[in-house]
Every structure is written in structure tokens, then in C-alpha cells.
Amino acid sequence: LPKNGTILRVRGKKNTYLVQNGVLKLFSSFTLKQQAAEKHIDFISADELARYPTSGYVAQLDGTLVKSTSSSTLYVVQNGQKRPLNRALFLNLKYKRNQIVSLKNAEIEAMPTGRFALPREGTYFTVTQTKQLYLFKNGTTHKVPEAVAKKRNIKVHYKFDEQVVKDWAEGEPHPPGD
């Protein structure tokens, strides 16, 4: 198998692959353009291509907003994972509708799913179900006592569902900006 990062295609065919960790990953037409991979293709024979294992798709660049053609669920790509975005996160992260890319269902389904995308650093928000005020700082959520919020006249612009906040709390802390 050629070295990691090699881009392969059979001459006269449109499927293009990236060598990644011992397997060939398929480029979607969007990802091929996004990564400007057309400029770096090595052509091989169909017989040679058939000898290599294939699995999954090449991930979009970090920060890409994606959804499948058959669903309204929106994701942001981070570290090769699709991370769900709800409306509040979409607004908090200052995304625009024209940034959303619709991909084939198979490509979306093949991507590993991570936890919900994180809000911007320094975001004050409440949890819809409990009305508890939080600050997202240094990659984690911090409860803000009601008395402190009143004293500092903290304005809340975002409300997140309890499940989203619980999802952030699972596992390891997130580094700021993740």
C-alpha cells in the first residue's frame, strides 16, 4: 500500500481515494474540492486498486457544517467526527445557513458521532428544564449562583436543553476552543 496521505485514482474513473492508516478512504465530490486533492492524484491500475482494502470516506475539514440529504439534523465536523448542533448552538457559534453542505446519507452515517458541539468560550446560558445559570469557561460548564448573576447583572442569551449540557459533561474535559 502506498504511504499515508497518497491520493489514488484509476485513470478514466471518478472515484478518488486517500490512503489512511492502511486503508483507502473514498473522497466525496465535495471533500475532493474542499481539500483541493485533484492536484495531487497518483493514477494506478484497476488491478492494483482492487488489492487494497477500502473503508469509509475522507472526513471534511474541521468546522465544516454538514447534514444528510434526507435529514434536517445538522453537524459540525471536528477531528473527523460529526458533532450535533441544535439551533441555540448554531446561533451561539455564529454560523450561517449558507455554510451548510448536504452530503449523501452513506457519507454522514459513516462518520463517527461525537458529543454535541461546544458553545463559544465565555458563554452564559441557562438550562431549559431547570433554569440554572451556567458559564462555559476553560472547556467546562460552571454553575453561577443566582445572587452572583443578579449582582453582576449577567444577561443570558442562550438556553440549552438539559441533554446537551449533560453530553458536554460526559467524558474528558474539552480544551478551550474545541
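Numbering of residues starts from 1 in every chain and runs along the sequence as written. pLDDT decides what is reported in this predicted model: residues at 70 or higher carry local features, side-chain atom pairs at 80 or more are listed and counted, and totals for whole chains, interfaces and linings draw on all residues regardless. Computation of side-chain values covers all heavy atoms of the structure but excludes hydrogens and water.

Peer 1: Got a minute to help me understand the overall build of the protein chain in this structure?
Peer 2: Along the protein chain, the regular secondary structure elements total six helices and 13 strands. Atoms counted for the radius of gyration: C-alpha only. Globule rule: 2.2 Å times residue count to the power 0.38. Its C-alpha atoms give the protein chain a radius of gyration of 21 Å, more than 25% over the compact-globule value 16 Å for 178 residues. Dimensions of the protein chain, computed from C-alpha atoms along their principal axes, come out at roughly 70 × 30 × 25 Å. Burial classes follow relative accessibility: with a 1.4 Å probe on protein chains only, a residue under 20% of its type's maximum area counts as buried, one over 50% as exposed, and anything between as partly exposed. Per-residue burial for the protein chain yields a buried fraction of 40% across its 178 residues. Note on contacts: a residue pair is in contact if any heavy atoms of the two residues lie within 4.5 Å. Put simply, of all contacts in the protein chain between residues at least 6 apart along the chain, 60% involve residues at least 24 apart. None of His or the chain ends enter the tally, which takes Lys and Arg as positive and Asp and Glu as negative. Every charge is mapped to an atom, namely NZ of Lys, CZ of Arg, CG of Asp or CD of Glu. In the protein chain, 28 positive and 15 negative side-chain charges are present, and the distance between their average locations comes to 8 Å. In this text, helices come from DSSP runs of H or I with a minimum length of four residues, and strands from runs of E with a minimum of two, each type numbered from the N-terminal end.

Peer 1: Honestly, the layout of surface pockets in this entry has me stumped. Any pointers?
Peer 2: Rolled over the atoms, a probe sized like a water molecule indicates the empty space that remains. As defined here, a cavity is a set of points on a 1 Å grid over the protein atoms alone where a 1.4 Å probe fits but cannot get out. A pocket is an open set with protein on both sides within 12 Å along at least five of seven lines, and residues line them when an atom is within 4 Å of a point. Grid points are joined across faces, edges and corners, and a volume is the space filled by probe spheres set on the points. In this structure, the largest pocket spans a volume of roughly 360 Å³. Considering the residues around the largest pocket, the lining is formed by 17 residues, among which Lys14, Phe27, Ser28, Ser29 and Lys104 are closest to the centre. Looking at the lining of the largest pocket, the elements with two or more residues in it are helix 1 (29-34) and strand 9 (100-103). Here the lining of the largest pocket gets four residues from one element, more than from any other, and that element is helix 1. Ten residue types, Ala, Val, Leu, Ile, Met, Phe, Trp, Tyr, Cys and Pro, are classed as nonpolar, four, Asp, Glu, Lys and Arg, as charged, and the remainder, Gly among them, as polar. Of the residues contributing to the lining of the largest pocket, the split by class is six nonpolar, five polar and six charged. Counting residues per element, the ones that place at least two in the lining of the second largest pocket are strand 5 (54-57) and helix 4 (105-110). Residues of the lining of the second largest pocket, tallied by class, amount to six nonpolar, five polar and two charged.

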